Every structure is written in structure tokens, then in C-alpha cells.
Amino acid sequence: MESRRGPLKSAVPSNVVSPVRRCSRTACGRPAVATLTYVYADSTAVLGPLATYAEPHCYDLCAEHSERLTAPRGWEVVRLLDGSAPARPSGDDLEALANAVREAARPQGRAAGAGGPSRGADPMEVARRGHLRVLRSPDN
């Protein structure tokens, strides 16, 4: 016996999982363009390009919500969005992120001794906030 609705239709609309990642904000269904990560130890919210993989501790945001992002009082927002940057992180970006996470997870006594005195003398380093560093472009 064949249904009147046809073989592929359903009485209840279904939300099929889309390969496009969506904004994490409640009731927002727009596609995500940026990833928000909190660095609680530094009271910093880092907003960067959309991460390659969805992580449970990161929040994907659409263009509108990423532009309107504010942080709690006393926190700093670091925006890493750059029009000239590639849309997807490269392997080097992921390796640098993994190294930064490892460095941040080390106990403070060992982390200070491991860096040595030449750590702050890097000519490419422009600024530092906790375990995050801002580096000068190699072209400049």
C-alpha cells in the first residue's frame, strides 16, 4: 500500500544534519564564519577564523554575532580575523596552537626554566599576553 505523501515525505519536518557548521548562539541558524575560544587564565576571548574541526570548548559564530561580540568587564577580546588570511587554518597553524596549549598546561616553574633567557629576545615577537604571542609578518 502506497502512502499519499509519497515514499520520501514525512509528516514531521526533519532537521537533517548539514555539513555546514552553524552559529552556536541560541536560535541563530546562520552559517558560522569564526570560532570563539576563551582563555580563562588570561581573561581573554580569542575570536579567529573558523576552526577546522568543531571542538566542545569553542563556539562557532556567524558574521553578525562575531562582529557584535563583547567580553565581560575586565576581559580583553583578541580578534584574529584578517582578510588576507586563508579561510582554513594550515597545518602550521594547528601545530602552533597545539604547542601553545602544551606550553600553557605546563606548571609555571618548569615553563619559566624551559624558555631560557633568549625567549623574549625573538625579533619576530611584537607583543605577548600570557602564553599568546603576536608575531611580526616575515615579509616586513
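Coordinates for the structure precede this section.
The structure reproduced in this document is the subject of the present report. Just so you know, these numbers come straight off a predicted model, no measurement behind them.

Section: unusual backbone geometry
Stage number 1. If you check the backbone angles, Ala27 has positive phi at about 65° while not being a glycine.
Stage number 2. Along the chain, Ala27 falls in the segment before strand E1 (34-39).
Stage number 3. At Ser43, a residue that is not glycine, the phi angle is positive and equals roughly 50°.

Points about the sheet that holds strand E3 (residues 59-61)
Stage number 1. Spatially, E3-E1-E2-E4 is the arrangement adopted by the four strands of the open sheet, whose pairing is mixed. With partners counted over all chains shown, the strands left at the sheet margins are E3 and strand E4 (76-79), one partner each. Between one strand axis and the next, the sheet turns through 25° on average, direction left out of account.
Stage number 2. Across six bridges, E1 lies against strand E2 (residues 44-49) in antiparallel orientation. Looking across to E2, one finds that Tyr38 is bridged to Ala45.

Thoughts on the side chain of Asp42
Stage number 1. Structurally, Asp42 is set in the loop between E1 and E2.
Stage number 2. Not counting the four nearest positions on each side in its chain, Asp42 is found in contact with Arg129, Gly130 and His131.

The rules we used
Residues numbered from 1 in each chain as written. Predicted model: local features only at pLDDT ≥ 70, side-chain atom pairs only at ≥ 80, totals over all residues. Heavy atoms only, no water. Helix = DSSP H or I, 4+ residues; strand = E, 2+ residues; numbered from the N terminus. Pairing = 2+ DSSP bridges. Axes fitted to C-alpha atoms, helices over the stretch in contact; angles between N-to-C directions. Contact = heavy atoms within 4.5 Å.

From the geometry alone we can't say anything about function, so treat these as descriptive.
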